[in-house]
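Architecture and fold: a report
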Amino acid sequence: MAELTKVLAFDFGASSGRAMLFTFDGEKLSIEEMHRFSNDPVMAGNSFHWDVLRLFFEIKQGINKTVLAGHKDIKAIGIDTWGVDFGLFDKNGKLLGNPYHYRDTRTSGMIDLADQMMGKKYIFDKTGIQFNFFNTLFQFMAMKKENDPVLGIADKMLFMPDIFNYLLTGVMKNEYSIASTSQLLNVKTKDWDKELMEKASIPTDIFGEIVMPGTVIGELSDDICEELGCPKIPVVAVGSHDTASAVASVPVTEDYKYAYISTGTWALMGSELDSPNVTDTTFQYDFTNEGGVCGKIRFLKNIMGLWIIQESKRQWAREGKNFTFDDLEQAAWSAEPFQSFIDPDCEDFAAPGNMPRRIREFCKRTGQHVPEGEGEIIRCVAQSLAFKFRMVADAIEDITKEPLSAVHMVGGGIKDTMVCRFTASATGKTVLAGPVEATSTGNAVVQLMALGKIGSLTEGRQIVKNSFPVKTYEPEDAENWNKAYEAYKKIVTLK
Ligand SMILES: C[C@H](O)[C@H](O)[C@@H](O)C(=O)CO
């Protein structure tokens, strides 16, 4: 009987979280969902926050359910979350308030201020990171500008996964991949860039030790073990930026040029590099060089993914129309193709709110057919996302001067088969979709590497390929898709 190794992966997205139990038999991984929960950020006064203690409660629920289900023998726990957001702790290790949500509007104007203070090129050359309004650098600059008193008493800064690792083990460390999303990390030294922080007049002494993915942070504290009735399980710092874990599970085992798209609330599209690509061209294209597992670089662009569809669904629910994602996809299939397009990354669509109205306004403003019903709206969004993926694929080919032979799509967003099919037709490339639970799978692979059960990233990817299905989508109707792409480019540019 092959020895079985069990690990528990917590994956937090912007709209939901899950605890997934992985069992490895030496060749294949099996997955079992132990706990799933919604992630409900809260607007309080005029600021937007994560309900971090509620999320920690869900972690404890996940561990408890796993133990009660008879899996006291889990060998490790790993936690990954969305990027950039953080909590501050005082000198007694107490959390100084609920972390802000990256969509909070406090950062507006901070990119321009940073440009005036240091110049965007200076920041890019140091960090290799794309300019998003929500980057941690701009969140700290906003706190500085508002004279936020918390900055004066803060002793340590921890990103979301670091916070949960600390609350479980009592150990404070900053994991590399999540730290790389901050635009405060030097892309060459893989450590904090204190010179940049000083120029931005951000306190430098609150940034702690950087640890690499695969580092054992510590064990569950006695209090946690007591409370949950479980043994002292090691907690591993995985690719704790969810996208780093998702990319680690892309089931590529042969040597061919491919792009990946990690799909969910966001769509992160790019390629994997052995070293950062920080040049005038990548600065112009505003690509990012986020840190990956096993020393890799995630060279990518953020694209406003299924967030626009999620928010439209929430708006229709507020209007008493409770559609499922399947309902919306079916309605979209019966709508006319290529009637109208949006730029998914237009700032109109960044904040929560009435997306269907903003989509109509965007189409009206750009002189296009104004989509009416849910079907037309969703089709407009899905084909616009697919064309944005085409634009990013073209940019990658222009930067690398090498053709991409396939697009790997992973994550929960691949359940939307319309977006997968459209992506194949818009890019003119084979789309390989899977695994769905890519992020928690990559999280588990890194835990198993930390436990010495998997020897390398390539071996891990082979095991993922052996374990989970991949669906293939081929391009269709190239002539009409290429004609529509020309129309799209008249409305949308790659920022
Ligand atoms: C802010 C986003 O969460 C971040 O840029 C993205 O990489 C992510 O973490 C998606 O889950």
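Every chain is numbered independently, its residues counted from 1 as its sequence is written. Totals for whole chains, interfaces and linings use every residue, but because this is a predicted model, local features are given only for residues with pLDDT of at least 70 and side-chain atom pairs only at 80 or more, for both listing and counting. Hydrogen atoms and water are omitted, and side-chain values are computed over all heavy atoms in the structure.

Before going further, it helps to spend a moment on the UniProt feature "domain: Carbohydrate kinase FGGY N-terminal" (unreviewed entry) in the chain. UniProt positions are given in the numbering used here, feature names are shortened, and annotations may be inferred rather than shown by experiment. In the numbering used here, UniProt assigns the feature "domain: Carbohydrate kinase FGGY N-terminal" (unreviewed entry) to residues 7–246. Helix numbers and strand numbers start at the N terminus; a helix is a DSSP run of H or I with at least 4 residues, a strand a run of E with at least 2. Its end C-alpha atoms 17 Å apart, residues 7–246 is made of 33% helix and 26% strand.

For our purposes a nonpolar core is just a set of buried Ala, Val, Leu, Ile, Met, Phe, Trp, Tyr and Cys residues, chained together by side-chain atoms within 4.5 Å. The classification of residues rests on relative accessible area computed with a 1.4 Å probe and restricted to protein chains. Under 20% of the type maximum is buried, over 50% is exposed, and intermediate values are partly exposed. By size, the foremost hydrophobic cluster in this structure holds 140 residues, and its most contacted members are Ile63, Ile77, Phe140 and Ile359. Of the residues forming this core, the biggest block, 15 residues, is contributed by helix 15 (residues 374–400). Among the domains, domain 1 (5–240) and domain 2 (242–434 + 470–495) are the pair contributing at least three residues each to this core. Throughout, a residue-residue contact means that at least one pair of heavy atoms, one from each residue, lies within 4.5 Å. Excluding residues within four positions of it along the chain, phenylalanine 140 makes contact with Phe86, Leu88, Leu151, Met157, Leu184, Ile202, Ile206 and Phe207. Listed in part, the 20 residues of the second largest apolar core include Val236, Val238, Val445 and Val464. Note: domain ranges come from an automatic or database domain assignment.

Among the structural elements, phenylalanine 207 can be located in the loop between helix 8 (194–199) and strand 12 (210–211). Judged by relative accessible area, which is 6%, phenylalanine 207 ranks as buried. When the C-alpha positions of phenylalanine 207 and glycine 83 are compared, they lie 16 Å apart, and in sequence the two are 124 residues distant. Look past the residues within four positions of phenylalanine 207 in its chain and what remains in contact with it is Phe140, Met157, Asn174, Leu184, Trp192, Lys194, Met197 and Ile202.

If you check the domain split of the chain, you get domain 1 (5–240) and domain 2 (242–434 + 470–495). Of note, the centres of domain 1 and domain 2, computed from C-alpha atoms alone, are 26 Å apart. Between domain 1 and domain 2, the contact holds 31 residues from the first and 30 residues from the second. Summed over both sides, the interface of domain 1 with domain 2 buries roughly 2300 Å², with 56% coming from carbon and sulfur. Throughout, buried area stands for the accessible area (probe radius 1.4 Å) lost by two parts on being put together, summed over both. The largest share of the area that domain 1 buries against domain 2 comes from Arg103, Phe124 and Gln130, three residues that together contribute 30% of it. What makes a salt bridge here is a side-chain nitrogen of Lys or Arg within 4 Å of a carboxyl oxygen of Asp or Glu, nothing more. At the boundary of domain 1 and domain 2, one finds one salt bridge. The closest approach of N and O atoms between aspartate 280 and lysine 121, which form a salt bridge, is 3.1 Å. Any pair of nitrogen or oxygen atoms within 3.5 Å is treated as a polar contact; in protein, a donor-acceptor pairing is required on top of that, and neighbouring residues in sequence qualify only through side-chain atoms on both sides. On the surface where domain 1 and domain 2 come into contact, there are 12 residue pairs in polar contact (both at pLDDT 80 or more). When residues of the side of domain 1 that touches domain 2 are traced back to their parent elements, those giving at least two are strand 1 (5–12), helix 3 (120–127) and helix 7 (176–179). Residues were grouped as follows: Ala, Val, Leu, Ile, Met, Phe, Trp, Tyr, Cys and Pro as nonpolar; Asp, Glu, Lys and Arg as charged; and all remaining residues, including Gly, as polar. For the side of domain 1 that touches domain 2, the residue count by class is 14 nonpolar, 10 polar and seven charged.

On to the sheet that holds strand 14 (residues 234–237). Sheet architecture is open: six strands sit in the order 3-2-1-6-14-13, paired in mixed fashion. Each end of this open sheet is capped by a strand with a single partner; those strands are strand 3 (29–38) and strand 13 (215–219). Recorded for the sheet is a direction-independent mean angle of 25° between the axes of neighbouring strands. As paired strands, strand 1 and strand 6 (residues 74–80) are joined by six bridges and run parallel to one another. Bridge assignment links valine 7 to a residue of strand 6, and that residue is alanine 76. Strands strand 1, strand 2 (16–24), strand 3 and strand 6 of the sheet are contacted by helix 1 (residues 52–68), whose axis makes an angle of about 140° with strand 3. A pair of strands counts as paired when DSSP detects no fewer than two bridges linking them. Every angle, taken between N-to-C directions, lies between 0 and 180 degrees, and every axis is a line fitted to C-alpha atoms, over only the stretch in contact when it is a helix.

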